[in-house]
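Residue-level structure breakdown
Listed below, chain by chain, are the residues.
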Amino acid sequence: MFALGLVNLVLLARLAYCAPAASSDVASASASASLASASVVASSTDSAPKSTATVPFTSTDPNLPLWNENSDPSTVQPIRGGLGSKIMGPDNIPIDLQNPDLLAPPTTDSGTVKNAKWPFSFSHNRLQTGGWARQENIGVMPIATAMASVNMRLEPGAVRELHWHKTAEWAYVLKGTTQVTAVDSEGRNFLGNVGPGDLWYFPPGVPHSLQATGDDPDGSEFILVFDDGDFSEDSTFLLTDWLAHVPAEVIQKNFQATNPQAFAHIPDKELYIFPADVPSDDAKAPDSPQGTVPDSYTFALSQVPPTQLSGGSVRIVDSTTFKISNTIAAAEVTVEPGAIRELHWHPTMDEWSFFLEGEGRVTIFASQGTARTFNYQPGDIGYVPTAMGHYVENTGNTTLRFLEIFNTDRFQDISLNQWLALTPPELVKAHLGLDDETIAHLSKTKPTVMGPA
């Protein structure tokens, strides 16, 4: 009995010792409930309670590029704020100067995104009498699975010989004028001249040729885009290559030649690019009993008035305007200094981009906390896989101009600004904690290219 009484006394003592703490917890919980209740304030646009942050807020500290290609090389170090340290070993400073956000990335970068930059300067160049060609495909840029490209130069009169591809061919002329010819499967033919900023498109399997005119003393240069990332210019079907591998008597029979020497001057290997006389200014395709192609293989994009925006301009071309181009759509975009091609994504297609003028940077958001920033200069290729969020920011002092190209028949993008503006405000507030003024400033139409605030 004495032992039992002693145990009861101990238990009562413990309860008495704990009682104030329990009372304090109740009071604290009551105070917290009152504070939460007091924080529910109706806004001018809705009456939903403010969201409760379950994670820390993101930093508002700037993450600008720390240098550019004109900076003092001594500033080039993998250091941002208190992170990183100096390079002690050898370093390729010219490349670092062009890629500040790779060497000293923004603190918002995280995880791994495949390399999304390829300078044509890194591509092996095929030199020919009359011109050259260099290519980009998944062999050098594995992320670019949907499209490949070729940069080609032809001297005046030089010919990219008669040929065809398994893929479609889309082209943008950089300089000079190129005369193109083609014949479709119905025997309908085509001839046209394509100048700077203009396009051509040949469907898969359609035989064609490319020849620089004499309009420019330097000839012509252009970008070719193919709707397959595994495309190789070395796998093109060439007229001379084919006939060099057909027995002579078969060629005689095929063309019903009565002169045994009629085809005695066929080259014994491909010509690829070769010099020739400049085509006449009034050149025309031979009359075909089947007529000419119903839809032009060329398109004068340079003559399309650009849509002027607060931070630049855009021209869009797809099968709605360039009917034959049913596997490639494109946009030519300009972004003024301090402006940005807005945060957006493309819902169903990869984006292959080519930078024509100026300097820019792109951050690719690949979901699951993964993002990486790349810097671009003229002659660089960029690539953004389907649905990955991104922007294009002008980081230089001159106009940034670039092409956005897609393996599709219609141009599509989704604007982050427009999406939020057309979503119920209470939902947006619950996610991002925006105030009424910021909500009201969201745009219900796509800004596309936005000037400085």
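Numbering of residues starts from 1 in each chain and follows the order in which that chain's sequence is written. Only residues with pLDDT of at least 70 are given local features in this predicted model, and only at 80 or more are side-chain atom pairs given and counted; all residues enter the totals for whole chains, interfaces and linings. Excluding hydrogens and water, the side-chain values take into account all heavy atoms of the structure.

Here we look at the overall build of the chain
To be explicit about the condition: Going along the chain from the N terminus, every DSSP run of H or I of four or more residues is numbered as a helix, and every run of E of two or more is numbered as a strand. For each residue, the accessible area found with a 1.4 Å probe, counting protein chains only, is set against the maximum for its type, and the residue is called buried under 20%, exposed over 50%, and partly exposed in between. When checking whether two residues touch, look at their non-hydrogen atoms; a contact exists if any pair is within 4.5 Å. The Shrake-Rupley method, run with a 1.4 Å probe, gives the accessible areas here. Residue values count only the displayed protein chains as cover.
Scanning the chain for helices and strands turns up 8 helices and 28 strands. Across the 453 residues of the chain, 42% fall into the buried class. Partitioning the intrachain contacts of the chain with sequence separation of at least 6 by distance along the chain shows that 76% fall at a separation of at least 24. When the accessible surface of the chain is summed, it comes to about 24400 Å², and 58% of that surface belongs to carbon and sulfur atoms.

As for the environment of Thr321
For Thr321, the position within the fold is in the loop between strand E18 (312-317) and strand E19 (329-335). Residues within four places of Thr321 in sequence aside, it is in contact with Phe299 and Ile316.

A look at the sheet that holds strand E11 (residues 199-202)
In plain terms, the rule: In this description, strands pair whenever DSSP reports at least two bridges between them.
Strand order in the open sheet made by the 7 strands is E4-E5-E6-E13-E8-E11-E16, with antiparallel pairing throughout. The open sheet terminates on both sides in strands that have one partner only, identified here as strand E4 (125-128) and strand E16 (298-299). Bridge analysis of E4 against strand E5 (residues 131-136) gives 4 bridges, and the strand direction is antiparallel. Bridging from a neighbouring strand, Arg126 pairs with Ala133 of E5.

Some details on the pairing of strand E25 (residues 390-394)
The element E25 is largely enclosed, with a buried count of 4 among its 5 residues. One ladder, built from 3 bridges, connects strand E20 (residues 340-345) with E25; its direction is antiparallel. If you follow Arg341 over to E25, its bridge partner there is Val392. Of the pairings in the sheet, the one linking strand E22 (residues 360-365) to E25 comprises 2 bridges and is antiparallel in character. Bridged to Gly360 within E25 is Asn394.

Points about the pairing of E18
Burial within E18 is extensive, with 5 of its 6 residues counted as buried. As paired strands, strand E17 (residues 307-309) and E18 are joined by 3 bridges and run antiparallel to one another. Considered in E18, the bridge of Thr307 is made with Val314. Counting the residues that bridge the hairpin from E17 to E18 gives 2 residues.

As for unusual backbone geometry
The residue Tyr272 is not glycine, and still its phi comes out positive at about 65 degrees. Within the secondary structure, Tyr272 sits in the loop between helix H5 (248-255) and strand E15 (273-274). Residue Gln368 is not a glycine yet carries a positive backbone phi of 55 degrees. Judged by relative accessible area, which is 78%, Gln368 ranks as exposed.

Side note on the confidence of the model for the chain
Heads up, the condition is: Known as pLDDT, the predictor's per-residue confidence is scaled from 0 to 100.
In the predicted model, the chain carries a mean pLDDT of 91, and 88% of its residues have values of at least 70. Across residues 1-44, confidence stays below pLDDT 50; counting only partners more than four residues off in sequence or on other chains, it has 5 contacts.

A word on the side chain of Asp413
Put simply, the test is: Between N or O atoms, a polar contact is any pair within 3.5 Å; within protein, one atom must be a potential hydrogen donor and the other a potential acceptor, and residues adjacent in sequence are included only when both atoms are from side chains.
Relative to the assigned elements, Asp413 resides in the loop between strand E26 (400-406) and strand E27 (414-415). We classify Asp413 as buried; its relative accessible area is 9%. Within the structure, the side chain of Asp413 is placed 3.0 Å from the side chain of Arg341, a separation counted as a polar contact. Excluding residues within four positions of it along the chain, Asp413 makes contact with Arg341, His344, Trp345, His346, Pro347 and Lys446.

Focus: the sheet that holds E18
Note the cut-off: Convention adopted: a line fitted to C-alpha atoms gives each axis, helices being fitted over their contacting stretch, and angles between N-to-C directions are expressed from 0 to 180 degrees.
Reading across from one edge, E3-E24-E21-E26-E19-E18-E17 is the order of the 7 strands in this open sheet, with antiparallel pairing throughout. Edge strands, defined here as strands with exactly one partner in the open sheet, are strand E3 (117-119) and E17. Adjacent strand axes in the sheet meet at a mean angle of 20 degrees when their direction is disregarded. Summarising the sheet, E19 and E26 pair through 7 bridges and their orientation is antiparallel. Counted as the bridge partner of Ala330 is Ile405 from E26.

With respect to the packing of aromatic side chains
In plain terms, the rule: Between the rings of Phe, Tyr and Trp (Trp by its six-membered ring), a pair exists once the centres lie within 6.5 Å; its type follows the angle of the planes, with under 30 degrees stacked, over 60 edge-to-face, and the other angles tilted.
Within the structure shown, the criterion is met by 16 aromatic pairs. Between Phe190 and Tyr297 the ring centres are 5.5 Å apart and the planes differ by 75 degrees, which places this aromatic pair in the edge-to-face class. Taken as a pair, Phe190 in strand E10 (residues 189-194) and Tyr297 in the loop between E15 and E16 lie far apart in primary sequence, 107 residues in all. There is no split in this pair, since Phe190 and Tyr297 are both buried.

A few points about the pattern of salt bridges
Heads up, the condition is: Between Lys or Arg on one side and Asp or Glu on the other, a salt bridge is scored when a side-chain nitrogen of the former is within 4 Å of a carboxyl oxygen of the latter.
For the structure shown, the criterion picks out 17 salt bridges. The shortest N-O distance in the salt bridge between Arg315 and Glu332 comes to 2.7 Å. A residue pair is termed long-range when its members are at least 10 positions apart, and Arg315 in strand E18 and Glu332 in strand E19 qualify at 17 residues. By relative accessible area, which is 8% here, Glu332 ends up buried. Residue Asp413 is joined to Lys446 by a salt bridge in which the shortest nitrogen-to-oxygen separation is 2.7 Å. Here Asp413 is found in the loop between E26 and E27, whereas its partner Lys446 is found in the loop between helix H8 (436-441) and strand E28 (449-450), with 33 residues between them in sequence. Put simply, Arg80, Asp101, Arg361 and Glu393 are held in one network by salt bridges that share partners.

What to know about the side chain of Ser149
Note that Ser149 resides in strand E6 (residues 148-154). The contact partners of Ser149, leaving out residues within four places of it in the chain, are Phe120, Arg134, Gln135, Glu136, Leu224, Val225, Phe226, Trp352 and Ile381.

Points about the environment of Asn407
Within the secondary structure, Asn407 is located in the loop between E26 and E27. Each C-alpha atom of the pair Asn407 and Asp227 lies 5.8 Å from the other, and the pair is 180 residues apart in sequence. Not counting the four nearest positions on each side in its chain, Asn407 is found in contact with Ala146, Met147, Asp227, Thr327, Ile328 and Asp350. Only 3.3 Å separates the side chain of Asn407 from the backbone oxygen of Asp227, close enough to count as a polar contact.

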